[in-house]
Amino acid sequence: MRKVFNRLFRLKENQSSVKTELMAGLVSFFTIVYIIAVNASILSDAGIPMSAGIVATILVAFVGSMLMGFWANAPMLLVPGMGINALFTYTIVQSMGLSWKEALAAVFISGILFAIIAFTSLSRIISNAIPHSLKESIGVGIGLFLAFIGLQKGGIVVPSQSMFVQLGHFGDPHVLLTIVTLILTLILFARNVPGNLLIGIISGTVLSILFGQTDLHKLGQSAFSLKDYQSVFAGLSFKHITSFTFWMAVFSLTLVTLFENIGLTHGFIKMIDQPEKYDRSLQATALSVITCGLFGTSPSVSTVESASGIASGGRTGLTTITTGVLFLGSLLFIPFIKIIPDTAVAPVLILIGGLMISGTKNINFADFTEGFPSFLIIACIPLTSSIVDGIALGFIAYPILKIAKGKAKEVAVTLYIIAALFLIYFIFQA
């Protein structure tokens, strides 16, 4: 078996071993397994049953790992992405009005478009056309949106008739459990404890049980059943494929998925110093997004937690495949995953949102033509509860300000086209 692994994944060429790759895969799994509960929770807000969302997340993580491992031979994890799942649920379904089945169809088509881009030179053309400041601001805006969702799920922020939102009641057990779990998770993360987010979720769940906020009787009613998943698997609907809203959803998903994965893939390829694996890694990600529409979840991305496996010595696809197999095994623990409360999930969303804000340091706010469009994206994504609207406002403002400053030539033709499409989107909305 060792010889087979060596030959299949070229371990010697990559200066690695079977033991190192397996251990790196194990570390990767424990740093990313929290995504099962968190992603399913966000999908449930779109109307996808919690149990079905759990199964979909697990299957996509498994298939994505196989694609990345065998096609690209790279140690990068592919799971439903944080941020893009918020775009799926809170913008495309709740704001734009598509059903979750139509949203899955949009994911499927966006995956096909992403694949066309990834398998051609279009990926580099589009990437080069979008200014760095706008790319960074998208991540920051989505981070603030995730944090806001987490604050709402945890009851720390509640609706207000006079000021739109206000601080929740600290005497509420739900709020107190969220705060205690958040403090614990932050301490674990700050001290770089392995599996910190997973430990935080488990601890939050245990606290919720101890204080009577979670009913353990649900365990006996939550066995794994394919019947719960039948309505979601291949449940995508093309009913409104001719509508402008549907294609704007496809366009937005493709844009955000492309930018996020290009940036992450570049970063991880640089970490392992294997530039020859870049194209196939991006291609594997694109193919994975297509499967997301079929399996029933928001698009997958090459997640930042991949860094933990790389730091543990992972250099090949064997790391990713190990993680994928462990994900598949987690199907046995669905009853336990289903009882995880919002008070355990909310701190993870708040923490991840806080980490994503770091992108502001890469934005040139000293240049008004770069800074103000970025500000619009950062502010309007959470304030409008729409990732698409926030991005659109920034992308429209950018060429307008450049033209006003006599810098029209600094804007690529591709960006003018994207801005025009967003403008048409607003006109149709009106």
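As a reminder, the structure under discussion sits directly above these lines.
Keep in mind that what you see is a predicted model, and the values were worked out from it rather than measured.

Draft legend 1. Spatial organisation of the pairing of strand β3 (residues 164-167). Bridge analysis of strand β2 (residues 157-160) against β3 gives four bridges, and the strand direction is antiparallel. Of the residues in β3, the one forming a bridge with valine 157 is leucine 167. Hairpin geometry of β2 and β3 is characterised by an intervening segment of three residues between the two adjacent antiparallel strands.

Draft legend 2. View of the pattern of salt bridges. Taken as a whole, this structure holds seven salt bridges when the rule is applied. For arginine 10, the salt bridge identified is with glutamate 13, shortest N-O distance 3.6 Å. Taking relative accessible area as the criterion, arginine 10 reaches 38% and is therefore assigned partly exposed. Overall, glutamate 13 belongs to the exposed group, its relative accessible area being 62%. Lysine 407 is paired through a salt bridge with aspartate 367; the nearest N and O atoms lie 4.0 Å apart. Here aspartate 367 lies in the loop between α17 (342-356) and α18 (368-384) and lysine 407 lies in the loop between α19 (387-404) and α20 (413-429), a separation of 40 residues in the sequence. For lysine 407, a relative accessible area of 25% puts it in the partly exposed group. Within this structure, Asp45, Lys153 and Asp342 form a network of salt bridges that share partners.

Draft legend 3. Representation of the packing of helix α2 (residues 18-32) against helix α15 (residues 317-329). Running from amino to carboxyl end, α2 crosses α15 at an angle of 50°, the nearest separation of the two axes being 7 Å. Classified by the angle between their axes, α2 and α15 sit oblique to one another. As α2 packs across α15, the resulting crossing turns out to be right-handed. In this structure, α2 uses Val18, Glu21, Leu22, Ala24, Gly25, Leu26, Ser28, Phe29 and Ile32 to contact α15, whose residues at the interface are Leu318, Thr319, Thr322, Thr323, Leu326 and Phe327. Taken together, the residues of the contact of α2 with α15 sort by class into nine nonpolar, five polar and one charged.

Draft legend 4. Structural context of helix α9 (residues 173-190). Over its 18 residues, α9 runs 26 Å from end to end, which matches the ideal 26 Å to within 8%, given 1.5 Å per residue. Of the positions making up α9, those classed as buried are Val175, Leu177, Thr178, Thr181, Leu182, Thr185 and Leu188. Buried residues of α9 fall within an arc of 155° about the axis and therefore sit on the same side. Where α9 is buried, its residues meet α10 (196-210) and α17. Directly after α9, the chain includes asparagine 192, whose backbone phi takes a positive value near 55°.

Rules used throughout
Residues numbered from 1 in each chain as written. Predicted model: local features only at pLDDT ≥ 70, side-chain atom pairs only at ≥ 80, totals over all residues. Heavy atoms only, no water. Pairing = 2+ DSSP bridges. Helix = DSSP H or I, 4+ residues; strand = E, 2+ residues; numbered from the N terminus. Salt bridge = Lys/Arg side-chain N within 4 Å of Asp/Glu carboxyl O. Buried < 20%, exposed > 50% of the residue type's maximum accessible area, 1.4 Å probe, protein only. Axes fitted to C-alpha atoms, helices over the stretch in contact; angles between N-to-C directions. Parallel < 35°, antiparallel > 145°, perpendicular 65-115°, else oblique. Left-handed = near helix turned anticlockwise from the far one by under 90°. Contact = heavy atoms within 4.5 Å. Nonpolar A, V, L, I, M, F, W, Y, C, P; charged D, E, K, R; others polar. Expected span 1.5 Å × (residues − 1). Arc of directions from axis to C-beta.

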